[in-house]
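Here's the letter readout for the chains.
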Amino acid sequence: MLLGWALPDTSFRIGLAALDTYQAQALSEVHLKWFSMIELEASPHLSHTLFNQLGHRIQQTEALLAIAGLRRVEDRLQQLLFLLKQEMGEPVPEGTRLSVRMTHQNLANAIGTSRVTVTKT
């Protein structure tokens, strides 16, 4: 199940959950920087930034869980696309373009259905 995504200048931390079953997949080129707890404690600005991003990550996860709870595939897909538009949409003359390329399989995995169903929908 998709629990969220990281955009440029976004923190990414796996170890906050009790379960050790997370997996990260990059859909574009990424650069990671590791910060130790000592560095976080020594920098109020960095701590504040990470705290705000953690709050946003929780909101993302809640939105994705709400989408997963929708009964109809059409509703799940529509709500996922709306959330992606809000999070990573770039206005273009034709409408909105997502800043990350997602396949029908990526979308299907996010809403718990098959690629064929997403393609048909």
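I will try to describe carefully the structure that is included in this document. Note that the coordinates shown come from a computational prediction; the quantities given were computed from them, not determined experimentally.

1. Description of the overall build of the chain
In step 1: Tallying secondary structure elements over the chain gives five helices and two strands in all.
In step 2: Walking the chain from its N terminus toward its C terminus, one meets helices and strands in the order α-α-α-β-β-α-α.
In step 3: For the chain, the residues scored as buried account for 19% of the 121 residues in total.
In step 4: Within the chain, contacts between residues separated by at least 24 positions form 56% of all contacts whose residues are at least 6 apart in sequence.
In step 5: A total of about 9400 Å² of accessible surface is found on the chain, and carbon and sulfur atoms cover 55% of it.

2. A few points about the pattern of salt bridges
In step 1: This model, assessed by the stated rule, comprises one salt bridge.
In step 2: Of the charged contacts, one joins Asp75 and Arg72 as a salt bridge, the two residues approaching to 3.2 Å between their closest N and O atoms.

The rules behind the values
- Residues numbered from 1 in each chain as written.
- Predicted model: local features only at pLDDT ≥ 70, side-chain atom pairs only at ≥ 80, totals over all residues.
- Heavy atoms only, no water.
- Helix = DSSP H or I, 4+ residues; strand = E, 2+ residues; numbered from the N terminus.
- Buried < 20%, exposed > 50% of the residue type's maximum accessible area, 1.4 Å probe, protein only.
- Contact = heavy atoms within 4.5 Å.
- Areas by Shrake-Rupley, 256 points an atom, 1.4 Å probe, with all protein chains shown as cover.
- Salt bridge = Lys/Arg side-chain N within 4 Å of Asp/Glu carboxyl O.

Honestly, that's just the spatial picture; any functional story needs more than this.
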